[in-house]
Each structure stands twice: as structure tokens, then as C-alpha cells.
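Coordinate inspection notes
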Amino acid sequence: MNTNFKETMDTLRAARYPFLMESAEFAESQSADISSLVLSASYADARRRGINRVLESIRSSEISYVPLANFEYERLMEVMSYPYARILVSCLDDKFLTKRYALAESVRMNRLLGEESPGTVISIAKELGVDAISSEDMLMMHFTDYLKLSTRVKNIEWKLVNQELFKGRVFLRNEKFCRALQNALQDKIEAELPLNVPNDIRAIVSKDVKHVEIALSEMKSRYADHMGKDVSVEEFPPCIRALLAGTQNGLNLPHSGRFALVSFLHTLGMNSDEIMALFAKSPDFDESKTIYQVKHIAGELGGPEYTPPECSTMKSYGICFDPDDLCSNEKVVHPLIYYRMRIRSKRRSETAEE
């Protein structure tokens, strides 16, 4: 045991946030390396936890927190489960899995940060490359970092113009600051994966990789990629195309955006299963929540059947994206009007060609 390490490093923090440099230093102090991780019976618990990290990311987009007693063995197993999970994800090299795993790890960190002191939050922010400081009950990050980390949150309250800014820094409450750090960790993990895993290690972990691959295939097959046969995505208005692309690329859509997208697709005649298939492409897809939301909007739970909001409402919610020339037509006051005008134009062109 390296006593100097114990005096200067927090092994609990190293286990809670295994992406930190001090986590790697903790592992090194215990003579833990990749060869031991994949081969030694002493690290069987770390391998099991590593598999579960990936499986939980597939099934629920969030990795559970394992209570860590004051035993360095448990903390070391938690730290080493992180590189093992990354090895499994890298061996599959599936873009959807990589995004979903990165999201799950970052959601886990976000939840844990809510229990930490401002000093700990700031230190983790700095290790994630975020220029941040704290002042009383507020956390601050440089506006350039805020812009980079907030762009995927399609919610008007996240726009820079709606934030308190002083000397180039954005003042944020703890919850919002940690949500931005979630994006920072997600970006970091996505940028680092896939790892270059040597063939001999791939062979050793092949059974665990297959286990993960089966779970991933089952999840994907549950919601096959299909669009209603009479629905043309190419003719969707820019706002709906942006919302659809956002949810399939892991962006955190506001409730108003999800409502607009689901109600629009439902009005075009897509059933709940077809809509679910589109949402299932998103790394943050939660089956139970999405089923409820879709069926609620479609009026399948005994309530009213909702229709999509008008263009003016979309603008007020901040979800009117990239309007084109047709959007400026005074007759286009609703996304459905845009779509129907585009469909009629397309059919006239097809008829003329015939």
C-alpha cells in the first residue's frame, strides 16, 4: 500500500468518479493493470461490475450507484470496472452503444455531484476541461464553455442571453452547472472511444462482449426502424426535422419539443409503435417513460387526442428551427400546413414528370 497516496488522495471520490486522474493513480498504487483486470480471478468482481455498467446503459441509459463501504477492495473493484466497461464498448464499436454508454456514465456522475460540496464539483469540472470557479451558493463557468456544453439542450431557458453573466463567466445554480458537466463527460467519453484493444485482450473478453452484443441486439430489434409508409420525412418542416434529428442523436429535447414531435407524427397517422421506433434510436431512450408519453399524447390513455402546436406557439417555446422560404409564406401558420403544401408540390412534380 502506498501510504503517501492514502494521505493525499480520496479513494471514495476515486471510486465514485472513475474517470478522474486520481482513480488511475489509485489503481496504480494497488498495482492494478489491464492484464490483471482481464486475467486475474482477483478482479472477477470488477469484471462483473464492468459488464453491468454496459448492460445498464443499454437497458436504462443510467448506471446504478453501488454503495461503497470503507474498504479499499470494493473501491478498487469499482474503479477497475470502468476501464473494463470501456474495453467491452470498444470491442463492439457500435456508435449507438458508445453514445448510450457515454450518456449513462455522465448521468450517473450528474446524480452523484448533487451530493458534493462546491469545491469538489469545481475540481471535477476543471479535470473535465471546464474553466470554472465558485462564489457563495453559485457556480460559474466561462461563457465559451457554457456555449459548448449547452447547445444540445434545446430549451429556451438555456440560451446564453437568459443567463446572468459577469466578466465573461456564467452564474449557474448547482443543478444546472452539474447538468452542463454531464455533457462535458459525455463528450469526453465519446471522444475517447473506441479504444485500440489488442487482439489478445479481445480474445480473452470475447464471451463478455458477446453477452453485451446480445443485449444490444435485443434492445434494437424491439423497435425496428420503420416509418409510416405514407409519411415523407423529406417534406417535414425544418422544426420537425430538427426535433426528429435531435432525439435520434441524443439531444435533450424540452418537453415542448417532444410534445410537438409526437403530436405531429401521430396526426400524420403513425401509430405508437412506429413513433416509439424513432425515439428508440436516441441514446437516452427510456422505454417505460416514452410509452407513457406517446400514448398520452395520442389519447390512448383515456384523455384527449392532442394536435401539434401552431408555428407561433413553436416560436414562443423556442423550438422553431431554421425556417426556410416556405415558412415565410403567410399561409404557413402551422407545421401541418407546411407539410401538406410540400406533399402537394411533390405530387404535382411527379405527375408532370409522368
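Scroll up to find the structure.
Reference entry: report on the structure contained in this document. What you are looking at is a predicted structure, and each value in this text was computed from that prediction instead of being measured.

Before going further, it helps to spend a moment on the nonpolar core. Within the largest apolar cluster, 97 residues are counted, with the highest numbers of intra-cluster contacts made by Phe19, Met80, Met109, Met141, Phe177 and Val205. Here this core gets 12 residues from one element, more than from any other, and that element is helix H6 (residues 72–92). Leave out the neighbours within four places in its chain, and Met109 touches Tyr17, Phe19, Ile124, Leu128, Leu181, Gln182 and Leu185.

Our focus in this paragraph is the layout of surface pockets. There is about 620 Å³ of room inside the largest pocket. Residue composition of the lining of the largest pocket, by class: five nonpolar, 12 polar and eight charged. When its volume is computed, the second largest pocket comes out at roughly 340 Å³. Around the second largest pocket sit 19 residues that line it, and Pro18, Leu20, Ser23, Ala24 and Tyr82 are the ones nearest its centre. Counting residues per element, the ones that place at least two in the lining of the second largest pocket are helix H3 (21–29), H6 and helix H10 (174–192). Sort the elements by how many residues they give to the lining of the second largest pocket and H6 lands first, with five residues. Along the lines of polarity and charge, the residues of the lining of the second largest pocket split into 13 nonpolar, one polar and five charged.

Attention shifts here to the pattern of salt bridges. Side chains carrying opposite charge are able to pair once their charged atoms draw close together. Taken as a whole and judged by the stated rule, the model has 15 salt bridges. One salt bridge connects Arg53 with Glu78, and the closest N-O pair in it is separated by 3.3 Å. Here Arg53 is found in helix H5 (residues 44–60), whereas its partner Glu78 is found in helix H6, with 25 residues between them in sequence. Residue Arg53 shares its accessibility class with Glu78, and that shared class is buried. A salt bridge links Glu192 to Lys188, with the nearest nitrogen and oxygen atoms 2.8 Å apart. With Glu192 and Lys188 both in helix H10, this residue pair falls four residues apart, about one helical turn. Taking the relative accessible area as the measure of exposure, Glu192 reaches 28% and is therefore partly exposed. Given the relative accessible area of 27%, Lys188 is considered partly exposed. Salt bridges sharing partners connect three or more residues here, namely Arg49, Arg53, Glu78, Glu105 and Arg108.

About the thresholds
- Residues numbered from 1 in each chain as written.
- Predicted model: local features only at pLDDT ≥ 70, side-chain atom pairs only at ≥ 80, totals over all residues.
- Heavy atoms only, no water.
- Core = buried A, V, L, I, M, F, W, Y, C linked by side-chain atoms within 4.5 Å.
- Buried < 20%, exposed > 50% of the residue type's maximum accessible area, 1.4 Å probe, protein only.
- Helix = DSSP H or I, 4+ residues; strand = E, 2+ residues; numbered from the N terminus.
- Contact = heavy atoms within 4.5 Å.
- 1 Å grid on protein atoms, 1.4 Å probe; cavity = no way out; pocket = protein on both sides within 12 Å on 5 of 7 lines; lining within 4 Å.
- Points joined across faces, edges and corners; volume = space filled by probe spheres on them.
- Nonpolar A, V, L, I, M, F, W, Y, C, P; charged D, E, K, R; others polar.
- Salt bridge = Lys/Arg side-chain N within 4 Å of Asp/Glu carboxyl O.

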